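These are the residues of each chain, in order.
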Amino acid sequence: GLLTMNDALERLAAFDPRGARVVELRVFGGLSVPEAAQLRGVSKRTVDGDWAVAKRYLARGVSEASP
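Residues numbered from 1 in each chain as written. Predicted model: local features only at pLDDT ≥ 70, side-chain atom pairs only at ≥ 80, totals over all residues. Heavy atoms only, no water.

Student: Could you clarify how one ought to interpret the environment of Phe 28 in this entry?
Tutor: Within the secondary structure, Phe 28 sits in helix α2 (residues 17-28). In contact with Phe 28, other than residues within four places in its own chain, are Leu 9 and Val 23. (Helix = DSSP H or I, 4+ residues; strand = E, 2+ residues; numbered from the N terminus. Contact = heavy atoms within 4.5 Å.)

Student: Help me understand the pattern of salt bridges in this model?
Tutor: In a structure, side chains of opposite charge can pair up when their charged atoms sit close to one another. Per the counting criterion, the structure on display carries 3 salt bridges. Of the charged contacts in the structure, one is a salt bridge between Arg 18 and Asp 50, with a shortest N-O distance of 2.7 Å. Remark: Asp 50 occurs in helix α4 (residues 44-65) and Arg 18 occurs in helix α2; sequence separation between them is 32 residues. Judged by relative accessible area, which is 46%, Arg 18 ranks as partly exposed. A relative accessible area of 6% means that Asp 50 is categorised as buried. Between Asp 50 and Arg 40 there is a salt bridge, with its nearest N and O atoms 3.3 Å apart. Of this pair, Asp 50 sits in helix α4 while Arg 40 sits in helix α3 (residues 33-40), and the two are 10 residues apart along the sequence. Classification of Arg 40 as partly exposed rests on a relative accessible area of 22%. (Salt bridge = Lys/Arg side-chain N within 4 Å of Asp/Glu carboxyl O. Buried < 20%, exposed > 50% of the residue type's maximum accessible area, 1.4 Å probe, protein only.)

Written out as structure tokens, the structure reads:
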């Protein structure tokens, strides 16, 4: 549920702060990759990489916490 996702996002922030920021911008802020890259002052490729790592981390964290 939502708490599980929040817990996973908090763990992600401790492990990968850049990835957590990308998740916040993309999921909660509704930004596209180019928009997130522009806001952060980095390349789209950097955001794509951070996004890929964050998605894998969160998917693993949420699935491990599910009954």
